[in-house]
Amino acid sequence: MALERTFAIIKPDAVAAGHAGAIIAAIEKSGLSIRGLKRVRLSGDLCKGFYHEHVAKGFYQELEDFMTEGPVVMMCLEGEGAIAKWRDLMGATNPANAAEGTLRKQYGTNIGRNATHGSDAPGSAAFEVSYFFSAFELV
Ligand code: UDP
Ligand code: MG
């Protein structure tokens, strides 16, 4: 397995509910390293660029409304196989289908309001990390 970086978001639902600390604790316990972390509020334009692959889809406006409704916590995570490892910790997109003990099962509400984001491949991870973090913020 290779040392990878991936991009993670604690979405507005989980931040508002006070679950950011528990999610960060789960990341630290998993062995993934946090290389960058910040709390920000997305604009619609930033959200469109980030979710460019979904902009034309039927659920996009609802997704943008959700992702901009309040602050998020975003992170760059690093570790062996970090992309798959973080996706495994999160669980399936729809919390109803997510395995017991996963973050989306514990903290998600439905397929839209699902508590966390994680990059799905090396290409999207590289794009997403660089979209939100500059080099000096990754330490
Ligand atoms: N989403 C949604 N409805 C859908 C599919 C996705 O609202 O039918 C939202 C959900 O918040 C999801 C995000 O759009 O996390 C991105 O979708 P994707 O299929 O990339 O899922 P993910 O990679 O986040 O598991
Ligand atoms: Mg995705």
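Conventions and cut-offs
Residues numbered from 1 in each chain as written. Chains lettered and ligands numbered in written order. Predicted model: local features only at pLDDT ≥ 70, side-chain atom pairs only at ≥ 80, totals over all residues. Heavy atoms only, no water. Near = heavy atom within 4 Å. Polar contact = N/O pair within 3.5 Å; in protein donor to acceptor, adjacent residues only side chain to side chain. Areas by Shrake-Rupley, 256 points an atom, 1.4 Å probe, with all protein chains shown as cover. Phe/Tyr/Trp six-rings, centres within 6.5 Å; stacked < 30°, edge-to-face > 60°. Helix = DSSP H or I, 4+ residues; strand = E, 2+ residues; numbered from the N terminus. Buried < 20%, exposed > 50% of the residue type's maximum accessible area, 1.4 Å probe, protein only. Lys NZ or Arg CZ within 6 Å of the ring centre and 35° of its normal. Salt bridge = Lys/Arg side-chain N within 4 Å of Asp/Glu carboxyl O. Core = buried A, V, L, I, M, F, W, Y, C linked by side-chain atoms within 4.5 Å. Contact = heavy atoms within 4.5 Å.

**Concerning the site of ligand 1**
Thought 1: Close to ligand 1 lie K11, Y51, H54, F59, L63, R87, T93, R104, I111, G112 and N114.
Thought 2: Contact between ligand 1 and H54: an oxygen atom at 2.9 Å from a side-chain N or O atom of the residue.
Thought 3: In this structure, an oxygen atom belonging to ligand 1 sits 2.8 Å away from a main-chain N or O atom of G112.
Thought 4: Its free accessible area being 510 Å², ligand 1 has 80% of it covered by the protein chains.

**Section: the packing of aromatic side chains**
Thought 1: Counted under the stated rule, the structure contains 8 aromatic pairs.
Thought 2: Plain terms: the ring middles of F7 and F133 are 6.3 Å apart, the flat faces sit at 65° to each other, and that makes the pair edge-to-face. A residue pair is termed long-range when its members are at least 10 positions apart, and F7 in strand β1 (residues 3-10) and F133 in the segment after α7 (122-132) qualify at 126 residues. As far as the burial class goes, F7 and F133 line up, both buried.
Thought 3: The ring of F133 carries K38 above its face, with NZ or CZ at 4.7 Å from the centroid.

**A word on the pattern of salt bridges**
Thought 1: Under the defined criterion, the tally for this structure stands at 5 salt bridges.
Thought 2: Here R5 and E78 are joined by a salt bridge, their closest N and O atoms 2.8 Å apart. Highlighted residues: R5 in strand β1 and E78 in strand β3 (residues 72-80), separated in sequence by 73 residues.
Thought 3: Among the salt bridges present, the one from R35 reaches E78, with a minimum N-O distance of 2.4 Å. Note that R35 is positioned in strand β2 (residues 33-40) and E78 in strand β3, a separation of 43 residues in sequence.
Thought 4: For E78, a relative accessible area of 13% corresponds to the buried category.
Thought 5: Beyond isolated ion pairs, a larger network of salt bridges with shared partners links R5, R35 and E78.

**Some thoughts on the nonpolar core**
Thought 1: By size, the foremost hydrophobic cluster in this structure holds 18 residues, and its most contacted members are I10, I23, I27, L32, M75, L77 and W86.
Thought 2: Elements with a contribution of two residues or more to this core: β1, α1 (12-16), α2 (20-30), β3, α5 (82-90) and α6 (103-107).
Thought 3: Per-element accounting of this core gives the leading share, 4 residues, to α2.
Thought 4: If sequence neighbours within four positions are ignored, L77 has contacts with E4, R5, T6, A8, I27, L32, S33, I34, A82 and W86.
Thought 5: The next biggest cluster of nonpolar side chains, apart from the first, holds 17 residues, and it includes Y51, C76, V129 and F133.

**Describing the side chain of E64**
Thought 1: Here E64 is to be found in helix α4 (residues 60-67).
Thought 2: Assessed through its relative accessible area of 8%, E64 is described here as buried.
Thought 3: Among the polar contacts listed, one links the side chain of E64 to the side chain of Y60, at a separation of 2.8 Å.
Thought 4: Those residues in contact with E64 that lie beyond four places of it in its chain are G44, C47 and K48.

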